[in-house]
Amino acid sequence: MKLASLIICIFVLSACQTLPVITQTTPPEKTASACPNPFLKQKTTLIHAIEVHMPGGIKNAVIGITEADPATRAISCAIMTVEGMVLFEAIETDGSLDIRHALPPFDSAHFARNMIEDIKLIFFEPRGKIEKIGFLPSGETACRWRTGNSDTVDVLKTSGGLPEVKRYSGSGKVKRYIKFSGFTGGFYQSIELRAQELASYTLFMNLVEARPAEN
Amino acid sequence: MRRSQLSFLFILCGIILAAAFPNAYAADAGFEELRKNAAQIKTIQADFIQKKSMKILTKPLISEGRFYYTAPDSFRWEYLKPLKSIVINHKGQTKRYIYSGGKMVEDQSGGAQGMKVILGEITSWMSGKFDQNPSFKATLKEDTYTQITLTPVGQNMDGMLQKVIITISKKDAAVKSVNIIESETSSTVIDFKNTQTNKNIPESIFQDIE
């Protein structure tokens, strides 16, 4: 019985990870402007060539079109094949998701919601309150947001000066890891998103085109 | 997704193959003549520019590529920009390649069974049989250009395809463009240039991906 309790305890404890420690320099409200900010500054339409890596070594390529407005946090997005067939098209405004077109397996609300959340994490500054600003033990500049849904988002700047975003679950597990690189013409040319889910996936996004969107 | 994706690709290839028989329509002879002349075409190669229009796009997304066909059923449909990809059908095998990690790799996401079904479906197009595929209703229109309009019959292409308009020049009988209308707000126009027929195409085109 004691052994069983011990095993359960070890299992539970190992499932709970802790967030990396941020050594705070000054109160967050005084240094918020020092946070890395790889996010969009204005409403923009972006086209990305996206490599999708799925479990089992399966790879696919699609074209992603995103219109994102950081002021309203409204998103319009579409996924299409290289050949031009639209697989998915949706709009989210004020938290209301409208799936305009979706072919299986993109026709589930879960997929759509996850995709919109990924897009927001990539292009929008996190919502919520900045909890800490400082440095990680490994030396990166880090700003930590506590979002409304018990998740934590760290926005980092590596020693090479490149921004990264990490979203942690309430138990401290990394759910999303985003790396930005190749800043040219006001936009990051390459974005890599690693998603840790039951079925994990990685997106390699290469910018094809970006331009300010009409209001 | 795979089957839908490949359906679209093969529909597209089939339409283009069927439409790319330049001499077939020269005599103003209708579908029967078109079918008869299609048998004389042994190879086709062309460059293409694809313009994708959608509501979300303020201007069309331009893709460029190259297309090869050798009778009876070898084809290579290759995108060069903005995203490299190749579909090759040769000796009964269909493979799709995508650009990953700096090289072309085979798309392993499945769908081989779907490919076989779809390839069978488009065989009639490859033979120039516009009006004999029960999945489509074909109509002809004569104006400055000759237009063939293919409209899906039944519901299996709902949400994927509304109609296809193939425009053929009367002057040189060459296919000018293929307009694939998926919905009121989404269409794909493919403009062809440098089209050559019955010019030797090495078999390696259907074997090598680089």
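The coordinates are above.
The rules behind each value
Every chain's residues receive numbers from 1 upward, in the order its sequence appears when written. Each chain takes a letter, starting from A, and each ligand takes a number, starting from 1, following the order in which they are written. Per-residue local features of the predicted model are confined to residues with pLDDT of at least 70, and side-chain atom pairs are confined, for both listing and counting, to 80 or more; whole-chain, interface and lining totals are unaffected and use all residues. Only hydrogens and water are set aside when side-chain values are computed; all heavy atoms of the structure are taken into account. Should DSSP find at least two bridges between two strands, the strands are regarded as paired. Strands here are runs of E lasting at least two residues and helices are runs of H or I lasting at least four, both read from the DSSP assignment and numbered beginning at the N terminus. Here, residues are in contact when the closest pair of their heavy atoms is within 4.5 Å. Here the quantity called buried area is the accessible surface, traced with a 1.4 Å probe, that two parts lose on coming together, added over both. The term salt bridge refers to a side-chain nitrogen of Lys or Arg lying within 4 Å of a carboxyl oxygen of Asp or Glu. Polar contact criterion, stated in full: a pair of N or O atoms within 3.5 Å, where within protein one must be able to donate a hydrogen and the other to accept it, and residues adjacent in sequence count only if both atoms are side-chain atoms. Site definitions follow a grid-based scheme: protein atoms alone, a 1 Å grid, a 1.4 Å probe that fits but cannot get out for cavities, and for pockets an open set with protein on both sides within 12 Å along at least five of seven lines, plus lining residues having an atom within 4 Å of a point. Grid points are joined across faces, edges and corners, and a volume is the space filled by probe spheres set on the points. The residue classification treats Ala, Val, Leu, Ile, Met, Phe, Trp, Tyr, Cys and Pro as nonpolar and Asp, Glu, Lys and Arg as charged. All others, Gly included, are polar.

Here we come to the pairing of strand E1 (residues 43-53) of chain B. Residues and elements named next belong to chain B. The pairing of E1 with strand E2 (residues 61-70) spans ten bridges and is antiparallel. By the bridge assignment for E2, alanine 46 is matched with phenylalanine 67. The pairing of E1 with strand E11 (residues 186-197) spans nine bridges and is antiparallel. Pairing of lysine 51 across the sheet is with valine 189, part of E11.

Before going further, it helps to spend a moment on the interface of chain B and chain A. Listed per partner, the contact involves 35 residues of chain B and 35 residues of chain A. Summed over both sides, the interface of chain B with chain A buries roughly 2900 Å², with 66% coming from carbon and sulfur. Where chain B touches chain A, the interface holds one salt bridge. Linking glutamate 83 of chain A and arginine 96 of chain B is a salt bridge whose minimum nitrogen-to-oxygen distance equals 3.2 Å. Where chain B meets chain A, there are seven residue pairs in polar contact (both at pLDDT 80 or more). Put simply, the parts of the chain that give the side of chain B that touches chain A at least two residues each are helix H1 (2-19), E1, strand E4 (85-90), strand E5 (93-100) and E11 of chain B. Here the side of chain B that touches chain A gets six residues from one element, more than from any other, and that element is H1 of chain B.

This part takes up the layout of surface pockets. All names here are of chain A. Volume-wise, the largest pocket comes out at about 870 Å³. Val52, Phe106, Phe111, Tyr201 and Leu203 are, among the 34 residues lining the largest pocket, the residues nearest its centre. Within the residue set of the lining of the largest pocket, elements represented by two or more residues are strand E2 (44-54), strand E3 (58-69), strand E4 (74-81), helix H3 (109-123) and strand E13 (201-212). For the lining of the largest pocket, the leading source of residues is H3, giving eight residues. A breakdown of the residues in the lining of the largest pocket according to their chemical character gives 23 nonpolar, eight polar and three charged.

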